[in-house]
Amino acid sequence: MQTTLEPTKVPTSDISLPTSQKLRIVIVGHVDHGKSTLIGRLFHDTNSLPEGKVEQIRKASELEGMEFEFAFLLDALLEEQAQNITIDTTQLPFRTDKREYVIIDAPGHKEFLKNMVTGAASADAAILLIDANEGIQEQSKRHAYLLSLLGIRQIVVAVNKMDLVGYRQERFEKVRADYTEFLGKLGIVPQHFVPMSAKLGLNITTASPELAWHKGPAILEALEQFQISAPPDDLPLRFVLQDIYRFDERRILAGRIETGSLQVGQEIVFWPDGKSSRVKSIEEWNAPEPPTSALVGESVAITLEEQIFVERGDIGSAPDHGPAEGREIQASLFWLQNDPLPLNVPFTLKLGTQSVEARLVEITRVLDSSTLEPLAGNPGIIHKNEVADVRIRARKPIAFDRHDRISETGRFVIVTGKRIGGGGIIREAEYQDEKRLAGATENLTWTVSPVTRELRAENFGHRGAVLWLTGLSGSGKSTLATGLEYHLHRRGIFSYILDGDNLRHGLCANLGFSAEDRSENIRRAGETARLMAEAGLVVICSLISPFRADRDNVRKICQRDGIPFAEVFINAPLDVCESRDPRGLYKKARSGEIKEFTGITSPYEAPLAPELELRTAEHTLDNTLLDLTHFAVDLSRIPEPQIDEELARGGGI
Ligand SMILES: Nc1ncnc2c1ncn2[C@@H]1O[C@H](COP(=O)(O)OS(=O)(=O)O)[C@@H](OP(=O)(O)O)[C@H]1O
Ligand SMILES: Nc1ncnc2c1ncn2[C@@H]1O[C@H](COP(=O)(O)OP(=O)(O)O)[C@@H](O)[C@H]1O
C-alpha cells in the first residue's frame, strides 16, 4: 500500500489561543514504536504544517536516496524550534476543526519527568504508543508508571504498526489485554485503545477500512473527546512565592496562584513559618483599576499590610486551610539516574519554588518499575528505574501537600550535583485541619456495652464483617451485592447492603462526585459499615470507591477495631462496562451530560492486593456469585478457639 499524503482536515490558521485553552498532550512509548512518525502524521493530516514543508522534505530525502518518512517532519520541526527552546521540552502546536493542541515533546523521559514534576509542561492527556508487533516493552511500562505518578488520567493507547501484523484483531486484543492488566495495577484505565498505523496514516484522523473491525474512535477522534484540565478552582489557596522585590519602599511579593484564589483584604498565612498578614493590594502595571482579586493559574504581585519576613519558596494560604509543614515527608519516588540513591546521602529537594537540602532516612519498599514487583530484602539504596516508598528528611521545615489533595504542591524533584536524578509525589501529610478534627475527639469517651462482639456473634451464629465491593460503574457490584445478600439470608446469615446509590439518597445526599466528595462518601460509608459490623451484621458495601487511599482508610477503620474486612475487586474492563451500560450513564458521560464520570473523565485506581478479585466479564453471573458467597460465608465464620498445642501435648486438654 502507498503512504497516503492526503490531508483530511481543516486548513491551518494561526495557533492563537492562550495555552490554557489548548489540549496539552504527551506522546510516550518505547524507542522505535513510532512516536516521531505519529507526530509527523498528526501534523500532516491536520494540515498544520507550514506550506511546502512536505515537498521540501520529500525532495531532500530523494536527494539522499531515501524514502520519505513522516518522522523526518518532526525532525524538521524540531530543528526550526531549536533556537528558541528555553526549557527541556518542545511545544508543538497543531489544530483541528474543534480545537487546538500542543504536543509536549521531551528528548528523553528524564526531561519529561523534570518538566512534568516542576509543572513546566503538565499535560492534560497522553498517548501511550505500543508497537503491535513487538508488544509491551519495559519502557512502555515505565512510561505508564510515570503517567500514574503524575496523575495524568486521560489516556489513549495507540497500538501502532498494525500493517506489520496483517491488521489482525487477535494481535490487537492480545496487546490490549496485556496492557490493560498492567495498567490496572497502576490504577490507570485508558479511555481508548486504538489500532493504527502511523506510517500508512490509518486510524489517525478517521476510521480506516483496513481496521474496520475496530468499533472505537481513531486517534484524533479519541483526543477530541478529552477535556482540557480546568485549573482547579475549588481547591484552597496555594500562592507559591517566586521573588520579593523592593519598590518605592514597598515590598512586593511575586508568585503564582497554583490553586484557589486571592482577594484584597483577606488574611494570608505564609508557610512553613506560619506568619500572617492581610493582602493590601494586587499590583498590575498599566491596569486602569487595580484588581481586587486574582485567580488560579495567574502570576501576580501583591503587597501586604504588615511587613513580615517571607522568602522565595514560601507558600501562602488562607488561615484555616494551610499546607502541611515539617521536616519529613513520606513519598513515592522514581529514580532515573545511573548513580543509585542511597540512604543518608544529601541531595537537593525542589518542591514548588522551595529548594532545600535533604536525604533519605528510610526506604520502606522498592519496586521494579517495569514489573511492579517488590524487590526482596531490606533495601538501603534505590537504583536507576526503580520506584520506592521513602521517608525524606529536610534540613529545615518545608511546606507541602499530599499529592492526591493538591498535586501542584504535592510533587517534587531531586537534584544531585546539577542534575535531576528523580522525582516523586507526597503520599502522606498531616494537616492542621485534620489534626483539629482528631482533636475534636480528645475529651470524648467511648461507651462500652456489656454486650460484647463475641456475645452478639454467639447470638447470630456468625460474626460481623465488612465486604467492600469496589469497581467501575456497570462492573456488577449491585447485581452481586443483592445476589449475595439473598444467599446469605437463605443461610441464616444476617446481612445488609450499603450501596453508593442508596446512601447518596440520604446520609450522603450533600455529596457530589469530586475527588473530595467521593472521599467523604467513602469515609461515611466505611464508618457506617464498621458500626453495623460491630452490631453483628455482614455488611456488603457496594461503592465505586475509585481511590485506593480511601479504601485503605476504610480498611484501617475496620482493622483498628478488629472487624474482619475484605476488599473485593469487581473487575470488568471499561469497554465491557460501557457496553453493558445498565443505567445509560456511560452514554451520558460520553456526551458530556455527566461530568467527572469514573473511567471516562474521572480516574479509577484498581486495587493492588484485594482479598478477592471477581472478573465478571470472564465468568457467568452464577459462578461469580457462588465464589463470592463462599468467600463471604468463610469470612463470617466464628473462628475455632485456638488450641494451645503445648498444653494439648502435655495432656492439659
Ligand atoms: N459522575 C459519576 N461518576 C460515577 N458514578 C456516578 C456519577 N454520577 C452518577 N453516578 C451514579 O452514582 C453511583 C456511584 O456512587 P458511589 O457512591 O458508589 O461513587 S463513589 O464511590 O463515591 O465514587 C453509580 O452507581 P453504579 O453504576 O452502581 O456504580 C452511578 O449510578
Ligand atoms: N459475572 C457477572 N457478575 C455480575 N454482573 C454481571 C456478570 N455478567 C454480566 N453481568 C451484568 O452486568 C451488569 C452489571 O450492572 P450493575 O450490577 O448495576 O453494576 P454496578 O453496580 O457495578 O454499576 C448487570 O446487567 C449484570 O447482569
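Worth saying up front: this structure is predicted, and the values here are computed from it rather than measured. (Residues numbered from 1 in each chain as written. Chains lettered and ligands numbered in written order. Predicted model: local features only at pLDDT ≥ 70, side-chain atom pairs only at ≥ 80, totals over all residues. Heavy atoms only, no water.)

Draft legend 1. Fine view of the UniProt feature "active site" (unreviewed entry) in the protein. Here the UniProt feature "active site" (unreviewed entry) sits at Ser545. With respect to the helices and strands, Ser545 occurs in the loop between strand 25 (538–542) and helix 13 (548–560). Not counting the four nearest positions on each side in its chain, Ser545 is found in contact with Trp468, Leu469, Thr470, Ile522, Arg551 and Tyr604. (UniProt positions renumbered as here; feature names shortened; annotations may be inferred. Helix = DSSP H or I, 4+ residues; strand = E, 2+ residues; numbered from the N terminus. Contact = heavy atoms within 4.5 Å.)

Draft legend 2. Focus on the state of the cysteines. Inspection of the entire model under this criterion finds zero disulfides. Its sulfur unpaired, Cys558 is 7.7 Å from the next cysteine sulfur, which belongs to Cys541. (Disulfide = S-S within 2.5 Å.)

Draft legend 3. Fine view of the pattern of salt bridges. Evaluation of the coordinates by the stated rule reveals 32 salt bridges. Glu138 is the partner of Arg142 in a salt bridge, and the nearest nitrogen-oxygen pair spans 3.1 Å. Of this pair, Arg142 and Glu138 are both found in helix 5 (residues 138–150), four residues apart, which corresponds to roughly one turn of the helix. The buried category is assigned to Arg142, whose relative accessible area is 10%. For Glu138, a relative accessible area of 46% gives the class partly exposed. Across the pair Arg238 and Asp401 runs a salt bridge, and its minimum N-O distance is 2.7 Å. Taken as a pair, Arg238 in strand 7 (residues 238–247) and Asp401 in the loop between strand 20 (386–400) and strand 21 (411–416) lie far apart in primary sequence, 163 residues in all. Of the two residues, Arg238 and Asp401, both sit in the buried class. Within the structure, one salt-bridge network assembled from shared partners comprises Glu328, Glu362, Arg391 and Arg393. (Salt bridge = Lys/Arg side-chain N within 4 Å of Asp/Glu carboxyl O. Buried < 20%, exposed > 50% of the residue type's maximum accessible area, 1.4 Å probe, protein only.)

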